[in-house]
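Take a look at the letters that make up each chain.
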Amino acid sequence: MRLARVVLSDPEELAAKACEIRKHIVRMVGAASSGHPGGSLSAADIVTVLYFNKMRIRPDDPKWADRDRFVLSKGHAAPVLYAALAEAGYFPTDDLVTLRRIDSHLQGHPDMNQTPGVEMSTGSLGQGLSAACGMAIAAKMDGADWRVYALLGDGEIEEGQVWEAAMTAVHRKLDNLTIFVDWNGLQIDGPVSEVKSMDRIGERFAAFGWHVIEIDGHDIPAIMGAIEEAHETFGRPTAIVARTVKGKGVSFMENEVGWHGTAPKPDQVEAALEELEGSCKGGVA
Amino acid sequence: MSKMIATRAAYGETLAELGAHDAKIVVLDADLSGSTRTGWFAAKYPERFIQMGIAEADMMGTAAGLAATGKTAFASTFAVFATGRAFDQVRQSIAVPGLNVKICATHAGLTVGEDGGSHQSVEDIALMRVLPNMTVIVPSDAAQTRWAVRVAAEKNGPFYVRLGRAAVPEIYDEEAEFELGKAKTLREGQDVTIIACGVMVSRALEAADALGAKGIHARVLDMHTIKPLDDEAVRRAAEETGGIVTVEEHSIIGGLGGAVCESVCSSAPVPVIRVGVADVFGRSGKPDELLEAYGLTAENIACAAERIINMKKTH
């Protein structure tokens, strides 16, 4: 029997789901005492809209041939992906707190052979967009109508391979490919602007021939609208450049570079959950 | 042994043939399809050929994405770029997830020739062999290449097939049979074993003939599969002949010689002399001149075999 897939269309319901996903992120990274909360929290709204509104998926049949594919190119944000997959029903939410443990299927970075719903093994930055292009080329070859999404970090796009793949996507007119750049402005060694001046991200992709949409990456209706615009864009891929806040939803983590790869301590987990609980009730994260 | 054909040509022909039978096969190349001979597939099946431009890293990742959807992805460029330039992509996007990508790299080793050291991979076998999940085949002639390409297409998982630019003698007829992970015994012998791969197999046979004229009976193994290595054949060679010479168009570090030493150390330790490129990069020259200059000759192999026999006597 096929389980009913949860599809949410009300932005407030999606915001509440994103809030649940943020709580999972805090709990699982806290339980693991290691992991990357900042860039997981910044991407929570985007990933929520994909898994609970826009993507064509069957969580009880993860290998369904006609499913949409999502590639988490910034693989260190695995907690946001795992939380969304568990909430969507790919595996029990109880598994989430096993993150990074020796006996867990939830590896520190996504592993397509261990976790149901993970489409590509990632972790070494800059590689996911190439894989997403390969998937989108396969769909075109087969005349299939499933779509491919990928999420990249703003620091990640310092990797040259991203721009090789950006050329491939345009050359092959991959209009079935939509990427998000999670532009949270921070990377491990500091602000992206100081590390490698990766400003004007939208203009860069536009110069490569992409259709570019710039949005607030925490504005759920804007995320929904951008994906719809991507679906109606033909002949070229779409890059949704999303301005986000690293650590979004947990005030002491917001815009603090130290929370890129640091786990909260138990009292910090408590404080973060309390704050998120309040904002969940408020309806919008 | 009269006809000469490059293994890259046998690859191109076989790939174009396989395309007719297996619609899942897709081929990627990084602006070298004329040289790697994937262009022959492209001419027949343009809809399944993906020109990636000069972007080897992107090619490996794209091949991985295609494989993740169920395609059998053949990715070709020169060996030096496939394994060195794109090493991390081969590792993270192909080997770690064990995806069905066949890296068929041409222009391996010194016999690239005039292009020189920048283009001559002397380290590719080592780089690919060290990766978990990777199968490594180094065909010695056209017939064996045809088998290698077919077996790579049939079996699931990552493969590295090392091919050459220069024409090499045919060693096998079309009926010859090969088995993945099983050395092919070309000469029986009890005095010493020569284990060779790739273009050096024909020279190993010349060396064995020269040794035979002196009354030395050398066993010759064509170790076409470097990984998984035929440990049983290595152990038998050690126990039955008491010493081994390895021969490869690759660094003496980390390739066939390294693999045989690792194997023999844990089964039946005997003297091993590794004939190969002595931890240096190549240079420009004609293929035969280069093999001569770097000591990859039948004379050197025979000399190494006689040294092994002397070492056996003094032990």
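Structural notes, computed from the coordinates. Keep in mind that what you see is a predicted model, and the values were worked out from it rather than measured. (Residues numbered from 1 in each chain as written. Chains lettered and ligands numbered in written order. Predicted model: local features only at pLDDT ≥ 70, side-chain atom pairs only at ≥ 80, totals over all residues. Heavy atoms only, no water.)

**Here we look at the packing of aromatic side chains**
Here is the rule we go by: Stacked, tilted and edge-to-face are the three classes assigned to paired rings of Phe, Tyr and Trp, where Trp is represented by its six-membered ring and a pair needs centres within 6.5 Å; plane angles under 30 degrees give stacked, over 60 edge-to-face, the rest tilted. Buried residues are those whose accessible area, probed at 1.4 Å on protein chains only, stays under 20% of the maximum for their type, while exposed residues exceed 50% and partly exposed ones sit between those limits. Throughout this description, the term charge over a ring refers to an Arg CZ or Lys NZ atom that lies within 6 Å of the ring centre and within 35 degrees of the ring normal.
A full pass over the atoms with the stated rule returns 10 aromatic pairs over all chains. Ring centres of F205 of chain A and W210 of chain A lie 5.5 Å apart, and the angle between their planes is 75°; on these two criteria the pair is classed as edge-to-face. On the basis of relative accessibility, which here comes to 1%, the residue W210 of chain A falls in the buried class. Ring geometry for F41 of chain B and Y45 of chain B: centres 5.2 Å apart, planes at 50°, overall tilted. Just as F41 of chain B is buried, Y45 of chain B falls in that class too. Members of the aromatic cluster, each reached through a chain of ring pairs, are W163, F205, F208 and W210 of chain A. Over the aromatic face of Y45 of chain B sits the side chain of R48 of chain B, whose NZ or CZ is 4.6 Å from the ring centroid. For the cation-ring pair, K184 of chain B lies above F178 of chain B, with the distance from its terminal atom to the ring centre recorded as 5.3 Å.

**Quick notes on the packing of helix α1 (residues 11-32) of chain A against helix α4 (residues 78-88) of chain A**
Residues and elements named next belong to chain A. Formally: Only the stretch in contact is used when fitting a helix axis, every axis being a line fitted to C-alpha atoms; angles between N-to-C directions are given from 0 to 180 degrees. Helix and strand labels come from DSSP, where a helix needs a run of H or I of at least four residues and a strand needs a run of E of at least two; each type is numbered from the N terminus. Oblique is the label for every angle not falling under 35 degrees (roughly parallel), over 145 degrees (roughly antiparallel), or within 65 to 115 degrees (roughly perpendicular). With the far helix as reference, a near helix turned anticlockwise by less than a right angle produces a left-handed crossing, and one turned clockwise produces a right-handed crossing. By definition, residues are in contact when any of their heavy atoms lie within 4.5 Å. All residues other than Ala, Val, Leu, Ile, Met, Phe, Trp, Tyr, Cys, Pro, Asp, Glu, Lys and Arg, Gly among them, are scored as polar; the first ten of these are nonpolar and the last four charged.
One can describe the packing of α1 onto α4 by two numbers: an axis separation of 9 Å at closest approach and a directional angle of 120°. Judged on the interaxial angle alone, α4 and α1 are oblique. Between α1 and α4 lies a crossing whose hand is right-handed. Residues K17, E20, I21, H24, I25, M28 and V29 of α1 pack against P79, V80, Y82, A83, A84 and E87 of α4. Class assignment of the residues belonging to the contact of α1 with α4 gives a composition of 9 nonpolar, 1 polar and 3 charged.

**A look at the interface of chain A and chain B**
Counted only if it meets this: Here the quantity called buried area is the total loss of accessible area, with a 1.4 Å probe, experienced by two parts when brought into contact, counted for both. The rule for a salt bridge is simple: a side-chain nitrogen of Lys or Arg has to be within 4 Å of a carboxyl oxygen of Asp or Glu. N or O atoms within 3.5 Å of each other form a polar contact, as long as, within protein, one can give a hydrogen and the other can take it, and as long as residues adjacent in sequence are counted only when both atoms are side-chain atoms.
If you look at the interface, chain A gives 24 residues, while chain B gives 26 residues. For the pairing of chain A and chain B, the buried interface totals around 1,800 Å² over both sides, and the portion due to carbon and sulfur atoms is 55%. The tally of links from chain A across to chain B stands at 1 salt bridge. Among the salt bridges present, the one from D142 of chain A reaches K71 of chain B, with a minimum N-O distance of 2.5 Å. At the boundary of chain A with chain B, the tally comes to 12 residue pairs in polar contact (both at pLDDT 80 or more). Of all elements in the fold, only α5 (128-141) and α6 (160-171) of chain A reach the threshold of two or more residues within the side of chain A that touches chain B.

**Description of helix α9 (residues 220-231) of chain A**
Residues and elements named next belong to chain A. Note the cut-off: Here the expected length of a helix is defined as 1.5 Å per residue gap, with one fewer gap than residues. What the arc measures is the spread of directions leading from the helix axis to the C-beta atoms.
Between its first and last C-alpha, α9 extends 17 Å over 12 residues, near the 16 Å set by a 1.5 Å rise per residue. All of the buried residues in α9 are I220, I223, M224, A226, I227 and A230. Taken around the axis of α9, the buried residues stretch over an arc of 160°, which confines them to a single face. Packing partners of the buried residues in α9 comprise α1, α3 (44-54), β2 (148-153), β3 (177-183), β6 (211-216) and β7 (238-243).

**Overview of the sheet that holds strand β2 (residues 25-29) of chain B**
Residue and element names in this part refer to chain B. Quick reminder of the rule: Note: two strands are recorded as paired if DSSP finds a minimum of 2 bridges between them.
Spatially, 7 strands are ordered β3-β2-β4-β5-β7-β6-β12 in an open sheet, and the strand pairing comes out mixed. The open sheet has two edge strands, β3 (49-51) and β12 (225-227), and neither has a second partner. Here the average twist between neighbouring strands, direction ignored, is 20°. Where strand β6 (residues 135-137) lies against strand β7 (residues 159-162), 3 bridges are found, and the strand directions are parallel. Looking across to β7, one finds that V136 is bridged to Y160. Taken strand by strand, helix α4 (residues 56-68) contacts β2, β3, β4 (72-76) and β5 (101-105), and its axis lies near 170° from that of β2.

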